[in-house]
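# Working through the structure, step by step
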Amino acid sequence: SQVSFEEESQNPPAVGHWKPLMPSKGDKEEPESGCQDAGGVHEPQSMEQLNVSRLRSSSVEIREKGSEFLRDELHKAQKELKLKDKECERLSKVREQLEQELEELTASLFEEAHKMVREANTKQAAAEKQLREARGKIDMLQAEVTALKTLVITSTPSSPNRELHPQLQSPSKAGFRKGHGRNKSTSSAMVSAASQNVAPEPGSRECKEVDSILFAEFQAWKESPTLDKSCSFLDRIYREDVGPCLDFTKQELSELVRVAVEQNTLTIEPVASQTVPAGKVAAEERGGPKKCALSGLPRTCKHRIMLGDSGSYYYISPSCRARITAVCNFFTYIRYIQQGLVRQDVELMYWEVMRLRREMSLAKLGFYPSEM
């Protein structure tokens, strides 16, 4: 047996015979020596092949994982790129919108600036025009005040000025005297106020007592004089005096007369002082020398009125002329008070207003002087 074992050990095993790498538990030393003796030549080669195969499998796995990772990164980069493109598009739209809004704002600012310049130029021109008109009015008022002072100074009880007192003139001269051009000549209201300085005739004195309500209304109006008829002072006078005094039969023409009196654009002139061609009489005049345009009654009309610059004339009777004149005198006096031309005590101004109201009351009742 020993000889046979030696022979077997001298003959190497055939090439290609597979021996397990891991030894069994029972044989610990013999298989190892056998392996070392039998496969000592081919073991490095098989190990290298195994390592190469392992390296190849690991490299393939690494390549697959790397390609998968790169694909994921590529998808992420593409998504981010799309988001960036959308953001760039949105920002470009926002920029275009902002540029458009900036252009519109610039255009509107330039337009507003030009508009403000135009309005400033217009206001400056209007202010200059008002300044010129105000200076003209001041010159006219100064001339009126000078004329009134001259008339008042030249009138005394011993030698009264006949221009201040028309009742002292002869009827023939009074008939052709210039009429009541309210917007061109001095009003008889200031004339009558100035004539208060003349001493009254003996026996013509009358008792007077101030009404507390009327005086309080006048004082309140005098603190801030205005022509607005909503105040209590003028509202009462409109209701009690002005309205009834200018309430004529021809309602439409009465309203036009009232507006012209309020606006100080009414002109009264004698008929004999104006020569109108016969062809224009029918077209431009209302009423006639024998018919009153306000009352519609057949009356002898010595005067006619013109409303503003219309160029149309209306014949009026002496009674209608007295009523219109009384209202015009009242408005002229309160305008002078408003303009600060009346330098009197409040009570004296109050009594002058009451006197003018009495004239309106008498005129609306039909009383008028004979020289009308």
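Before any of the text, the structure's been laid out above.
Numbering of residues begins from 1 in every chain and follows the order in which that chain's sequence is written. Two thresholds apply to this predicted model, a pLDDT of at least 70 for residue-level local features and 80 or more for giving and counting side-chain atom pairs, whereas whole-chain, interface and lining totals are computed over all residues. Here the side-chain values reflect all heavy atoms present in the structure, with hydrogen atoms and water set aside.

### Describing the overall build of the protein chain
The cut-off we apply is this: Secondary structure elements are defined from DSSP: runs of H or I of at least 4 residues count as helices, runs of E of at least 2 residues count as strands, and each element is numbered from the N terminus. For the exposure calls, accessible area comes from a 1.4 Å probe over protein chains only, and a residue counts as buried if that area is under 20% of its type's maximum, exposed if over 50%, partly exposed in between. Contacts are assigned to residue pairs with any non-hydrogen atoms lying within 4.5 Å of each other. Surface accessibility in these figures is a Shrake-Rupley result with a 1.4 Å probe; residues are shielded only by whichever protein chains are displayed.
Scanning the protein chain from N- to C-terminus turns up 11 helices and four strands. In the protein chain, which comprises 372 residues, the proportion classed as buried is 26%. By sequence separation, contacts in the protein chain at least 24 residues apart represent 69% of the contacts at least 6 residues apart. About 26,400 Å² of surface is accessible on the protein chain, with carbon and sulfur atoms providing 55% of the total.

### Details of a positive patch on the surface
So the rule is basically this: Residues forming no salt bridge and having over 30% relative accessible area are the ones grouped into patches, like charges within 9 Å of each other and nonpolar side chains (Val, Leu, Ile, Met, Phe, Trp, Tyr) within 5 Å. What counts as a salt bridge is simple: a side-chain nitrogen of Lys or Arg found within 4 Å of a carboxyl oxygen of Asp or Glu. Asp and Glu are treated as the negative residues and Lys and Arg as the positive ones, with His and the ends of the chain left uncounted. Taken as the charge centre is NZ of Lys, CZ of Arg, CG of Asp or CD of Glu, depending on the residue.
A contiguous patch of positive charge, built from Lys76, Lys79, Lys82 and Lys86, is present on the exposed surface. Along the chain, Lys86 turns up in helix H3 (residues 43–153).

### Here's the deal with the packing of aromatic side chains
How we decide: Here a Phe, Tyr or Trp ring, Trp counted by its six-membered ring, pairs with any other such ring whose centre lies within 6.5 Å, and the pair is stacked when the planes are under 30 degrees apart, edge-to-face when over 60, and tilted otherwise.
Here the structure, examined in full by the defined rule, presents eight aromatic pairs. The interplanar angle of 55 degrees and the centroid separation of 6.1 Å between the aromatic rings of Phe218 and Tyr350 together place this pair among those described as tilted. Pair noted here: Phe218 is in helix H6 (residues 212–223) and Tyr350 is in helix H11 (residues 346–364), with a separation of 132 residues, a long-range link. Each member of the pair, Phe218 together with Tyr350, is buried.

### Describing H11
Each α-helix turn comprises 3.6 residues. Residues three or four places apart therefore point the same way. For the record, the criterion: The span expected for a helix works out to 1.5 Å for each residue beyond the first.
Given a rise of 1.5 Å per residue, 19 residues ought to cover 27 Å, and the 27 Å separating the end C-alpha atoms of H11 matches this to within 8%. Within two residues after H11, Gly366 carries a phi angle of roughly 105 degrees, on the positive side.

### Overview of the packing of H6 against H11
Note the threshold: Lines fitted to C-alpha atoms define the axes, with helix axes restricted to the stretch in contact, and inter-axis angles between N-to-C directions lie between 0 and 180 degrees. These descriptions rest on fixed angle ranges, namely under 35 degrees for roughly parallel, over 145 for roughly antiparallel, 65 to 115 for roughly perpendicular, and the rest for oblique. Left-handed is the label given to a crossing in which the near helix is rotated counterclockwise from the far helix by less than a right angle, and right-handed is the label when the rotation is clockwise. Here the term charged refers only to Asp, Glu, Lys and Arg, the term nonpolar to Ala, Val, Leu, Ile, Met, Phe, Trp, Tyr, Cys and Pro, and the term polar to all other amino acids, Gly among them.
The geometry of H6 relative to H11 is characterised by a closest axis approach of 11 Å and an angle of 115 degrees between their N-to-C directions. Comparing their axes, H11 and H6 come out roughly perpendicular. As H6 runs across H11, the sense of the crossing is right-handed. In this structure, H6 contributes Leu214, Phe215, Phe218, Gln219 and Lys222 to the contact, and H11 contributes Val346, Glu347, Met349, Tyr350, Val353, Met354 and Arg357. Counted by class, the contact of H6 with H11 contains eight nonpolar, one polar and three charged residues.

### Here's the deal with the side chain of Arg335
You can see Arg335 is positioned in helix H10 (residues 318–338). Glu262 provides the closest opposite charge to the buried, salt-bridge-free Arg335, at an N-O distance of 7.9 Å. Residues within four places of Arg335 in sequence aside, it is in contact with Leu227, Val261, Glu262, Gln263 and Asn264.

### So, the pairing of strand S1 (residues 266–270)
Note the cut-off: Paired strands, as defined in this entry, are two strands with at least two bridges between them according to DSSP.
Burial within S1 is extensive, with five of its five residues counted as buried. Of the two faces of S1, the one holding Leu266, Ile268 and Pro270 and the one holding Thr267 and Glu269 are both buried throughout. Note: S1 against strand S3 (residues 303–307), five bridges, orientation antiparallel. Among the inter-strand pairings, Thr267 is bridged to a residue of S3, identified as Met306.

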